[in-house]
Amino acid sequence: MAMTADEYRTLSFWHATLPGSLEPRPPLRRDEQVDVAIVGAGYTGLWTAYYLKSLSPGIRVAIVEAEIAGFGASGRNGGWCLGTLAGSERILSDPARRDPARRLQRALFDTVDEVGRVCAQERIECHWTKGGYVCVATAEAHREQILHDVETWRALGFGEDDARWLTPEECSARVRCERNLGGLLLAHCAAIHPARLARGLADAVERLGVAIYEQTPALALEPRCVRTPGGRLRADTVVCATEAYSRTIAGQVRRLVPMHSMMIATEPLPEAAWKEIGLASRETFGDPRRIVVYGQRTADDRIAFGTRGPYFYGSGIRDRFDPGFAFFARVRRTLESFFPIVRDFEVTHRWGGPLGVPRDWRPSVGLDRSRGVGWAGGYVGEGVAASNLAGRTLADLILARESELVRLPFVGPPFPSWEPEPLRWIGVGGLLRIGLALDAAELAGRRTPRLRGALWRIFVH
Ligand SMILES: Cc1cc2nc3c(=O)[nH]c(=O)nc-3n(C[C@H](O)[C@H](O)[C@H](O)COP(=O)(O)OP(=O)(O)OC[C@H]3O[C@@H](n4cnc5c(N)ncnc54)[C@H](O)[C@@H]3O)c2cc1C
């Protein structure tokens, strides 16, 4: 049974606080022909449509969305518009690819401002505030990790304006958390209200002439055609922008693993509490735990905070969680370990959602012109900014523009397949448990091996 507008509001704190109606747009009810058909109205699909229409106003673009725009991770995330890309450290550490990797990194940094620019231009009120990301060392091992990261940024040619070490005093001037051994300030991060961005972007692309068919699931991707329950959408190019949900399309169950990330939001905190916590510039905050913890001060003075969640057997996807679901208590305890004062306040919202993890931990953007198929995603939980860069790049690829973007080293082949079950469950679940155990040991002051790079990308969000 299709969800109602009221049910969509219960998906997350962000959906609950969206202005305007969540009444679904009409579905596709007959066969249609366009130039570009996009499957999925999350950031990837919407940004691709936005840049296609901005660059080539005459192009016919339509989006089919199984639920409503912003239903997936794009409406439910931590709201960190962060200028990094999962897996990019592997490209950056390869001397042969150093220059393209630096260009990719600079493009990602600039993308944070590009999102802010489009929001201002299109009047998307998503509370975009660029306060940077403060990664606090809450254990000695974190301090070593962060110092190593700062050295790496420097060696790659990025300056203090991009990323710098904060002494414990400098750190607590921004984020006053219980344990503070110093930290990293990454300047290129803005806090946003994620669902406002997704919904605002959907309105913006509609204004540009893109058709969005909601409650229209793609059942199968056929050659130059998307099959849906109400009709076929034929197109020269079909873009698959379903990320963690790709398994819902025939034949794609092993394409991207859906990992879940779990979030809570507190009630609005009074000024006295903010004096203790900091975050005066709405910095996003976390520490270098393997399971990745991420928080922001919302525009209405709550803390929205999350950490990685479970993988469900068979690449199962859950969009709604019982408030008693065990992970939420862990998320709350973790938040309290940063700021004990939050114990005095209520948690008003609890939610979670899936993010897409590719088998090689490498996000990919690409176009197979001979088959008329385009793709982007696999951001491993770092897709808010990256999906903008991916959408711009995909638009250039489709329009055959010889831009700088199409030469960036995240343009590549389609995602390799994951192993069949039960291997996925054993592998992904096992790594998660190991990560949790190693994090706990580090927080207790013990030394653990820190595998830098691909293996631990699973712990991102
Ligand atoms: C809880 C959580 C916290 C996160 N925090 C952050 C963060 O702070 N910063 C960050 O950078 N990243 C974060 N991420 C990751 C980020 O949200 C994603 O990388 C990004 O939103 C992916 O966008 P997308 O458009 O590719 O996918 P999605 O937003 O998931 O969009 C896919 C869309 O496809 C639709 N769909 C699915 N199946 C079909 C079908 N068969 N036919 C048609 N449509 C279909 C879905 O309904 C959905 O709307 C987080 C993710 C989660 C879940």
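Refer to the structure above for everything that follows.
Residues numbered from 1 in each chain as written. Predicted model: local features only at pLDDT ≥ 70, side-chain atom pairs only at ≥ 80, totals over all residues. Heavy atoms only, no water.

## Some words on the site of the ligand
Taken together, 37 residues sit near the ligand, with Thr44, Glu65, Ser74, Gly78 and Ala218 positioned nearest. With respect to the ligand, the backbone of Val384 contributes an N or O atom lying 2.9 Å from an oxygen atom. In the complex, the protein chains occlude 99% of the 1000 Å² of accessible area that the ligand would expose alone. Mapping the ligand onto the cavity grids shows that it belongs to the second largest pocket. (Near = heavy atom within 4 Å. Polar contact = N/O pair within 3.5 Å; in protein donor to acceptor, adjacent residues only side chain to side chain. Areas by Shrake-Rupley, 256 points an atom, 1.4 Å probe, with all protein chains shown as cover. 1 Å grid on protein atoms, 1.4 Å probe; cavity = no way out; pocket = protein on both sides within 12 Å on 5 of 7 lines; lining within 4 Å. Sits in = over half its atoms within 2 Å of the grid points.)

## Regarding the pattern of salt bridges
Inspection of every chain in the model, using the stated rule, returns 35 salt bridges. Across the pair Arg359 and Glu419 runs a salt bridge whose closest N-O atoms are separated by 3.0 Å. Of the two residues, Arg359 is situated in the loop between strand 16 (347-357) and strand 17 (364-368) and Glu419 in the loop between helix 12 (383-398) and helix 13 (423-443); the sequence distance between them amounts to 60 residues. Taking relative accessible area as the criterion, Arg359 reaches 29% and is therefore assigned partly exposed. Using a relative accessible area of 28% as the deciding quantity, one classes Glu419 as partly exposed. Through salt bridges that share partners, Arg25, Arg199, Asp203, Glu206 and Glu214 make up one connected network. (Salt bridge = Lys/Arg side-chain N within 4 Å of Asp/Glu carboxyl O. Helix = DSSP H or I, 4+ residues; strand = E, 2+ residues; numbered from the N terminus. Buried < 20%, exposed > 50% of the residue type's maximum accessible area, 1.4 Å probe, protein only.)

## Points about the layout of surface pockets
Looking at the second largest pocket, its volume works out to about 840 Å³. For the second largest pocket, the lining is made up of 50 residues, of which Gly72, Ala73, Ser74, Tyr245 and Pro354 are closest to its centre. Sorting the residues of the lining of the second largest pocket by element identifies helix 3 (43-55), helix 4 (73-76), strand 3 (80-82), strand 12 (257-266), strand 16 and helix 12 as the ones contributing at least two each. Its residues assigned to classes, the lining of the second largest pocket comprises 25 nonpolar, 20 polar and five charged. (Points joined across faces, edges and corners; volume = space filled by probe spheres on them. Nonpolar A, V, L, I, M, F, W, Y, C, P; charged D, E, K, R; others polar.)

## Points about the environment of Val239
Following the sequence through the fold, Val239 ends up in strand 11 (residues 231-240). Between the C-alpha atom of Val239 and that of Val39, which follows or precedes it by 200 residues, the distance is 6.1 Å. Dropping the residues within four chain positions of it, Val239 is found in contact with Val36, Ala37, Ile38, Val39, Gly374, Leu394 and Ile398. (Contact = heavy atoms within 4.5 Å.)

## Remarks on the pairing of strand 12
Walk down a regular strand and you will see the side chains alternate between the two sheet faces. The element strand 12 is extensively covered by neighbouring structure, given that 10 of its 10 residues are classed as buried. Where burial is concerned, the two faces of strand 12 agree: the one with Val257, Met259, Ser261, Met263 and Ala265 and the one with Pro258, His260, Met262, Ile264 and Thr266 are both buried.

## Topic: the packing of helix 3 against helix 12
Between helix 3 and helix 12, the least distance of the axes is 8 Å, while the angle of their chain directions is 40 degrees. Viewed along their axes, helix 3 and helix 12 adopt a mutual orientation that is oblique. Viewed along their axes, helix 3 and helix 12 form a crossing whose handedness is right-handed. Here helix 3 contributes Tyr43, Thr44, Trp47, Thr48, Tyr51, Leu52 and Leu55 to the contact with helix 12, which in turn contributes Gly383, Val384, Ser387, Asn388, Gly391, Arg392, Leu394, Ala395, Asp396 and Ile398. Its residues assigned to classes, the contact of helix 3 with helix 12 shows nine nonpolar, six polar and two charged. (Axes fitted to C-alpha atoms, helices over the stretch in contact; angles between N-to-C directions. Parallel < 35°, antiparallel > 145°, perpendicular 65-115°, else oblique. Left-handed = near helix turned anticlockwise from the far one by under 90°.)

## Examining helix 13
With 21 residues, helix 13 ought to run about 30 Å at 1.5 Å a step, and its terminal C-alpha atoms sit 30 Å apart, in line with that. For helix 13, the set of buried residues is Arg424, Val428, Gly429, Gly430, Leu431, Leu432, Gly435, Leu438, Asp439, Ala441 and Glu442. Contacts made by the buried residues of helix 13 are with helix 7 (140-155), strand 12 and strand 15 (303-308). With its phi angle positive at about 90 degrees, Gly445 sits one or two positions after the end of helix 13. (Expected span 1.5 Å × (residues − 1).)

## Some points on the environment of Val380
Note on placement: Val380 falls in the loop between strand 18 (373-377) and helix 12. Here Val380 falls in the buried class, since its relative accessible area comes to 0%. Along the primary structure Val380 and Val357 are separated by 23 residues, whereas in three dimensions their C-alpha atoms are 4.8 Å apart.

## Describing unusual backbone geometry
Going from Glu421 to Pro422, the amide bond is cis rather than trans, its omega being 5 degrees. Checked against the element boundaries, Pro422 lands in the loop between helix 12 and helix 13. A positive phi is found at Ser315, a non-glycine position, where the angle reads about 60 degrees. Position of Ser315 among the secondary structure elements: in the loop between strand 15 and helix 11 (326-338). You can call Ser315 buried: its relative accessible area is 0%. A positive phi angle is found at Trp361, which is not glycine, with a value near 60 degrees.

## Let's talk about the environment of Glu89
Residue position: Glu89 is located in helix 5 (residues 88-92). As for Glu89 and Gln105, which are separated by 16 residues in sequence, their C-alpha atoms are 9.7 Å apart.

## Comments concerning a nonpolar patch on the surface
A surface patch of nonpolar side chains, about 440 Å² in accessible area, is lined by Tyr313, Leu423, Trp425 and Ile426. Inspection of the secondary structure assignment puts Trp425 in helix 13. (Patch = residues over 30% accessible without salt bridge, like charges linked within 9 Å, V, L, I, M, F, W, Y side chains within 5 Å.)

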